[in-house]
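Residue-level structural notes
The lines below spell out each chain.
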Amino acid sequence: MDIESMPREQLGICAEGNLHSIYLMYNARDHVEPLLRPCLASVAQYIFEQTDQHADSAFNGFVAVGANYWDSLYPDSRPQLLRPFPSIQYNDLVAPAIEFDLFFHIRCDRYDVLHLVANEIHQMLEGLVELVDEERGFRYMDSRDLTGFVDGTENPKGRQRQQVALVEEEDEEFQGGSYVHVQKYEHKLNHWHRLPQKEQEDIIARTKQDDIEYAAEDKPLTSHIKRVNLKDENGKPKEILRQSMPFGSLRQQGLMFISVCRTPAHFEDMLTSMIKGDGHGHTDKLMEYTQALTGSSFFAPSLDFLLEKV
Ligand code: HEM
């Protein structure tokens, strides 16, 4: 397929980082699908237009449909690999599955613009859905997670973001779409901050201040980096694009972890490797200092799919 006929992706999927974000999780009312389809198309188009309108503050966003809701909304066709979030439990580590029908992900370097757009989206959806969860994320220091470690360093860069995140010819109807996984993590910061810095660094396998990766032989098997650095049977790295940001307030704070990828398998394998470990008891020590409160699986179709399927 030449570039002209490629469906247009939703621009928030591969966008670079921002200062602010809003996450809206909705469930649909019963039997609203004939009205909801055109409404979603309008919202996606609106978000697309705001990207031009507010280019100076790098606005971007996307709409994604829950794995368990997809067939109600689009009964005629389903992304080949779309499946529910893999709830995983092993000893004391739990990654729960909490699914939502719709996910709106909007980001911008201006908080006022973001707030305005969120209000607009909410109004457009009025009567069709219920808002089940809302969080607001922010850039912390020089793009650090609230643990104090830089987050996102090893993310794919440039054109590689598209190659990792967007479905291509392997599922023709869903080209330009992306499998999205979201986990809201609440950090146990009191416990974390009591750890000496060297122990924290051993948990991540990078230095804290300068964000330098440990040498391969120094990475503990229980470190986060070791657990998520996976290769397929041909030795090719399994990659995801992370769009995570810190969120919260004094009562509850942590990381909105967001993975976008052309396959759900990479995220699933990484999460399994973190929670269940390597079969020799080496689970991800980072998980002892944070708790996933949610776990949801979505597909963010191309803009053109949403506009066509009304
Ligand atoms: C509370 C949750 C999490 C925190 C605080 C966290 C934090 C970090 C940090 C500090 C890094 C190192 C810097 C970087 O390359 O970005 C990192 C890397 C990474 N994380 Fe996480 N992470 C979390 C959850 C997850 C989950 C659930 C997954 C996937 C299932 C994941 C996948 C990755 C990957 C693929 C890398 C890059 C590894 C590399 O190539 O070196 N993370 N994370």
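Okay, so let's go over this structure. Every value quoted in this text rests on a predicted model; they were computed, and no experiment measured them.

Analysis parameters
- Residues numbered from 1 in each chain as written.
- Predicted model: local features only at pLDDT ≥ 70, side-chain atom pairs only at ≥ 80, totals over all residues.
- Heavy atoms only, no water.
- Helix = DSSP H or I, 4+ residues; strand = E, 2+ residues; numbered from the N terminus.
- Rg over C-alpha atoms; globule rule 2.2 N^0.38 Å.
- Buried < 20%, exposed > 50% of the residue type's maximum accessible area, 1.4 Å probe, protein only.
- Contact = heavy atoms within 4.5 Å.
- Areas by Shrake-Rupley, 256 points an atom, 1.4 Å probe, with all protein chains shown as cover.
- Lys, Arg positive; Asp, Glu negative; His and termini not counted.
- Charge placed at Lys NZ, Arg CZ, Asp CG, Glu CD.
- Near = heavy atom within 4 Å.
- Polar contact = N/O pair within 3.5 Å; in protein donor to acceptor, adjacent residues only side chain to side chain.
- Phe/Tyr/Trp six-rings, centres within 6.5 Å; stacked < 30°, edge-to-face > 60°.

**Focus: the overall build of the protein**
- Per the secondary structure count, the protein includes nine helices and 12 strands.
- The C-alpha radius of gyration of the protein comes to 19 Å, within 12% of the 19 Å expected for a compact globule of 310 residues.
- Each principal axis of the C-alpha atoms in the protein carries an extent, and together these give about 55 × 45 × 35 Å.
- The buried share of the protein, taken over its 310 residues, is 53%.
- Of all intrachain contacts in the protein linking residues separated by at least 6 positions in sequence, the fraction that spans at least 24 positions is 79%.
- Summed over its atoms, the accessible surface of the protein is roughly 14500 Å², and 48% of this surface lies on carbon and sulfur atoms.
- Looking at the protein, you have 31 positive and 51 negative side-chain charges, and the mean spots of the two groups are 5 Å apart.

**Some points on the site of the ligand**
- Neighbouring the ligand are 24 residues, the closest being Gly 152, Thr 153, Glu 154, His 224 and Arg 242.
- Separating an oxygen atom of the ligand from a side-chain N or O atom of Asp 151 is a distance of 3.5 Å.
- Within the side chain of Arg 242, one N or O atom sits 2.8 Å away from an oxygen atom of the ligand.
- At the level of secondary structure, the elements contributing two or more residues to the shell around the ligand comprise β7 (178–187), α7 (224–228), β10 (253–261) and α8 (265–275).
- It is α8 that provides the largest number of residues to the shell around the ligand, a total of four residues.

**Considering unusual backbone geometry**
- Even without glycine at this site, Ala 58 takes up a positive phi of about 55 degrees.
- Relative to the helices and strands, Ala 58 resides in the loop between α1 (33–53) and β2 (60–66).

**Observations regarding the environment of Gln 252**
- Structurally, Gln 252 is set in the loop between β9 (245–248) and β10.
- Residues Gln 252 and Glu 186 lie 66 residues apart in sequence; the distance between their C-alpha atoms is 6.5 Å.
- Beyond its immediate stretch of four places on either side in the chain, Gln 252 contacts Glu 135, Lys 184, Glu 186, Phe 247 and Leu 293.

**Here's the deal with the packing of aromatic side chains**
- In total, this model carries 16 aromatic pairs according to the counting rule given.
- For the pair Trp 70 and Phe 174, a centre-to-centre distance of 5.7 Å together with 70 degrees between the ring planes defines the contact as edge-to-face. Remark: Phe 174 occurs in the loop between α4 (160–165) and β7 and Trp 70 occurs in helix α2 (residues 70–73); sequence separation between them is 104 residues. Of the two residues, Trp 70 and Phe 174, both sit in the buried class.

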